[in-house]
Amino acid sequence: MSKEKKANLETLCVQAGWTPKKGESRVLPIYQSTTFKYDNTEQMADLFDLKADGYFYTRLQNPTNDAVAAKITALEGGVAGMLTSSGQAANFYAVFNICEAGDHFVSAASIYGGTFNLFSVTMKKLGIDVTFVDQDASEEELAKAFRPNTKCVFAETVANPVLSVLDIEKFARLAHSHGVPLIVDNTFPTPINCRPFEFGADIVTHSTSKYMDGHATSVGGCIVDSGNFDWDANADNFPGMTKPDPSYHGLAYSKAFGKKGYIVKATAQLMRDFGSIPSPHNAFLLNLGLETLHLRVPRHCENAQKIAEYLEKNDKVAWVNYSGLKSNKYYELAQKQFRNGASCGVVTFGLKGGRDESIKFMDNLKLACIVTHVADARTSVLHPASHTHRQLTDEQLLEAGVRPDLIRFSVGIENVDDIIADIEQALNK
Ligand SMILES: *Cc1c(COP(=O)(O)O)cnc(C)c1O
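Every chain begins its residue count from 1, and numbering advances along the sequence as written. In keeping with the predicted nature of the model, local features appear solely for residues at pLDDT of at least 70, side-chain atom pairs appear and are counted solely at 80 or more, and the whole-chain, interface and lining totals rest on all residues. Remark: hydrogens and water are excluded; side-chain values derive from all non-hydrogen atoms of the structure.

1. Focus: the overall build of the protein chain
Let me state the cut-off plainly: Helix numbering and strand numbering both begin at the N terminus, where a helix is a DSSP run of H or I of at least 4 residues and a strand a DSSP run of E of at least 2. Within these notes, the globule rule equals 2.2 Å times the number of residues to the 0.38 power, and the radius of gyration is based on C-alpha atoms. Think of it in three bands: residues with accessible area under 20% of the maximum for their type are buried, residues over 50% are exposed, and the middle band is partly exposed, with areas taken using a 1.4 Å probe on protein chains only. It only takes one pair of heavy atoms within 4.5 Å for two residues to be counted as in contact. In this description, accessible areas are obtained by the Shrake-Rupley approach with a 1.4 Å probe, and a residue is regarded as covered only by the protein chains that are shown.
Secondary structure summary: the protein chain contains 18 helices and 12 strands in total. Relative to the globule expectation of 22 Å for 429 residues, the C-alpha radius of gyration of the protein chain, 22 Å, shows essentially globular dimensions. With the C-alpha coordinates of the protein chain rotated into their principal frame, the extents come out at 75 × 55 × 35 Å. Here the protein chain holds 429 residues, and 55% of them are scored as buried. Long-range pairs, those at least 24 residues apart, make up 71% of the contacts in the protein chain between residues at least 6 apart in sequence. On the protein chain, roughly 18200 Å² of surface is accessible, and the fraction owed to carbon and sulfur atoms is 52%.

The following block contains the structure:
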């Protein structure tokens, strides 16, 4: 909708996706129905042939889910989007919609642990090979990772939990000079802080479980397509997009659906066959979260900035990583790519005394609680070496960019003075 494209992000957060007609519910309704009714057999047949737009079974599409996907698509400035039941499903679909057995893709090495596992173990079993690269390497160095069968490039705008900031323009140049699209997981900054399409990314993914939901109620994911990548320019490289699909009477997605072809294919093939659809009720909760995303994200970042500055000055702290600190190696890049230079509300740090000191500190926190989650309203904390990365030796941890003493501190939207007081009492114990 052109009206939505022109509105500011704050307005899109509140209003995009659902525009009620006369007498309809002002609030996005929950279409808690597996199925949808038609008047004759031909109407339904046209849906199965992708000749007509509409709903028939919630495993493929549901109106509540689609309204929320449309909101996120508007926020990212894309042309089409879809919700998935988790961030994991979003990243799997985003890559698998392009790559098939025998193909290869390039991924940044410092990415979320679940995604690393998906790419390095599970997708290999499907015959899709990945090369992990150091995202801070030169373009010349990075170009060495490409092969004739490379089909896409993947990275996170701000990596979880390492917090490295991606130079999106560099990665977009690299992908495009090899004739492939760039997929960016934009979970941590959200479109409030960064819109990767403006820097050349082609496809954006999200774990909506984090800031978008914002209250830790619902696991979910989203894929948004910019519509900018020209699949037909290298048609032989992307047969799934450009050649006839035998499971849809020989229809070719890039030709039949133009700029929306990528998302239509992900819905018609992958959602049909794998079925990782969110429940409409979860989409409704996600939409409530999105309505305040523009208020919450800046508050998370303000609080995180103050906490990072407090930690940097504290002599019990060995190191602090937050791109809002002038001492941070990503400071300049964050200023350029992020609104107000703000990346996200997650800060990582280590204490003098190493791993054992970090564990003791965490056990003494009262307001901040230990949970396997980031990026919700409540301040939370995790020690990756003891939790998410527990299986790794100290040597493997360093290879993954996760220092053994690393504390992942997800700053909430409480009063920052109370959070700092909690950190202080735990440091002094
Ligand atoms: C959490 C996370 C995921 C996985 O999302 P789920 O919703 O937990 O499946 C993917 N990418 C990033 C950056 C994440 O933080």
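2. Comments concerning the domain arrangement of the protein chain
Heads up, the rule is: In this document the domain limits rely on a domain assignment from an automatic tool or a database. Accessible area that two parts lose when put together, with a 1.4 Å probe and added across both, is what the buried area reports. One side-chain nitrogen of Lys or Arg within 4 Å of one carboxyl oxygen of Asp or Glu is enough to make a salt bridge. Under the convention adopted here, Pro, Cys and the residues Ala, Val, Leu, Ile, Met, Phe, Trp and Tyr are nonpolar, Asp, Glu, Lys and Arg are charged, and Gly plus all remaining residues are polar.
Along its sequence, the protein chain is organised into domain 1 (9-288) and domain 2 (296-428). For domain 1 versus domain 2, the distance between C-alpha centres works out to 29 Å. Each partner contributes to the roughly 2600 Å² buried at the junction of domain 1 and domain 2, and carbon and sulfur atoms together form 58% of this total. Close ionic contact of Arg 339 with Glu 10 constitutes a salt bridge, the shortest N to O distance being 3.4 Å. For the side of domain 1 that touches domain 2, the elements supplying multiple residues, two or more each, are α2 (9-15), α8 (168-177) and α9 (190-193). When residues of the side of domain 1 that touches domain 2 are assigned to their parent elements, the largest contribution, 3 residues, is made by α9. Split by residue class, the side of domain 1 that touches domain 2 holds 16 nonpolar, 8 polar and 6 charged.

3. A word on the layout of surface pockets
Keep this limit in mind: Using a grid of 1 Å spacing that covers the protein atoms alone, one calls a set of points a cavity when a 1.4 Å probe fits there but cannot get out, and a pocket when the set is open and has protein on both sides within 12 Å along at least five of seven lines; lining residues are those with an atom within 4 Å of a point. Grid points are joined across faces, edges and corners, and a volume is the space filled by probe spheres set on the points.
By volume, the largest pocket is sized at about 1300 Å³. Lining the largest pocket are 44 residues, with Asp 53, Tyr 55, Gln 61, Asp 66 and Lys 260 positioned closest to its centre. A total of 8 residues in the lining of the largest pocket trace back to one element, the largest contributor, which is helix α4 (residues 63-76). Across the lining of the largest pocket, the residue classes tally to 27 nonpolar, 10 polar and 7 charged.

4. What about the site of the ligand?
Note the threshold: The criterion for a residue being near a molecule or strand is simple. One of its heavy atoms has to lie within 4 Å of it. Each polar contact in these results corresponds to two N or O atoms within 3.5 Å; when the atoms are within protein, one needs to be able to donate a hydrogen and the other to accept it, and residues that are neighboring in sequence are counted only if both atoms are side-chain atoms.
Close to the ligand lie 16 residues; Asn 160, Asp 185, Ser 207, Ser 209 and Lys 210 are nearest. One of the backbone N or O atoms of Gln 88 is found 2.9 Å from an oxygen atom in the ligand. Starting from 380 Å² of accessible surface for the ligand in isolation, the protein chains cover 92%. Broken down by element, the shell around the ligand gets its largest block of residues, 3 residues, from helix α5 (residues 87-96). Classifying every residue of the shell around the ligand by side-chain character gives 3 nonpolar, 10 polar and 3 charged.

5. Section: empty space enclosed by the protein
The tally for this structure, following the rule as stated, stands at 1 cavity of 30 Å³ or more. When its volume is computed, the largest cavity comes out at roughly 60 Å³. As for the largest cavity, its lining consists of Leu 83, Thr 84, Thr 208, Asp 213, Ser 218, Val 219, Gly 220, Gly 221, Pro 278, Asn 282, Ala 283 and Leu 286. The set of elements that each furnish at least two residues to the lining of the largest cavity consists of β1 (80-84) and α13 (280-291). Looking at the lining of the largest cavity, the element that brings in the most residues is α13, giving 3 residues. Broken down by class, the residue content of the lining of the largest cavity amounts to 5 nonpolar, 6 polar and 1 charged.

6. Concerning the nonpolar core
The nonpolar side chains of a soluble globular protein tend to be buried, and buried together. Let me state the cut-off plainly: To define a nonpolar core, start from buried Ala, Val, Leu, Ile, Met, Phe, Trp, Tyr and Cys residues and group those joined through side-chain atoms within 4.5 Å.
Grouped together as the largest cluster of nonpolar side chains are 123 residues, with contacts concentrated most on Phe 349, Phe 361 and Phe 409. It is helix α14 (residues 293-313) that provides the largest number of residues to this core, a total of 8 residues. When residues of this core are sorted by domain, at least three fall in each of domain 1 (9-288) and domain 2 (296-428). If we skip the residues at most four places from it in the chain, Phe 349 touches Leu 311, Val 317, Trp 319, Val 320, Phe 361, Asp 405, Leu 406, Ile 407 and Phe 409.

7. Observations concerning the pairing of strand β8 (residues 317-321)
Filter applied, for reference: Paired strands, as defined in this entry, are two strands with at least two bridges between them according to DSSP.
The element β8 is largely enclosed, with a buried count of 4 among its 5 residues. As paired elements, β8 and strand β9 (residues 346-351) share 4 bridges and run antiparallel to each other. Bridge assignment links Trp 319 to a residue of β9, and that residue is Gly 350.

8. Things to note about the side chain of Gln 337
Here Gln 337 shows up in helix α15 (residues 331-337). You can call Gln 337 buried: its relative accessible area is 3%. Apart from the residues lying within four places of it in its own chain, the contact partners of Gln 337 are Val 165, Leu 166, Asp 167, Ile 168, Glu 169, Asn 193, Cys 194 and Phe 199.

9. Section: the packing of aromatic side chains
Keep this limit in mind: By convention, a stacked pair of Phe, Tyr or Trp rings (six-membered ring in the case of Trp) has centres within 6.5 Å and planes under 30 degrees apart, an edge-to-face pair has planes over 60 apart, and any other such pair is tilted.
The tally for this structure, following the rule as stated, stands at 17 aromatic pairs. Judged by centre distance (6.2 Å) and plane angle (40°), the ring pair of Tyr 93 and Phe 274 falls under tilted. Residue Tyr 93 is found in helix α5, and its partner Phe 274 is found in helix α12 (residues 261-274); the two are separated by 181 residues along the sequence. Taking the relative accessible area as the measure of exposure, Phe 274 reaches 43% and is therefore partly exposed. For the ring pair Phe 119 and Phe 154, a centre distance of 4.9 Å and an interplane angle of 90° mean the geometry is edge-to-face. Note that Phe 119 is positioned in helix α6 (residues 113-125) and Phe 154 in strand β4 (residues 150-156), a separation of 35 residues in sequence. Three or more aromatic residues link up through ring pairs in this structure, and these residues are Phe 92, Tyr 93, Phe 96 and Phe 274.

10. Considering the side chain of Asn 186
Here Asn 186 lies in the loop between β5 (182-185) and α9. For Asn 186, a relative accessible area of 0% gives the class buried. Of note is the side chain of Asn 186, whose polar atom sits 3.0 Å from the side chain of Glu 76. A distance of 3.0 Å separates a polar side-chain atom of Asn 186 from the backbone oxygen of Cys 194. Look past the residues within four positions of Asn 186 in its chain and what remains in contact with it is Glu 76, Thr 157, Pro 191, Cys 194, Pro 196, Val 204, Thr 205 and His 206.

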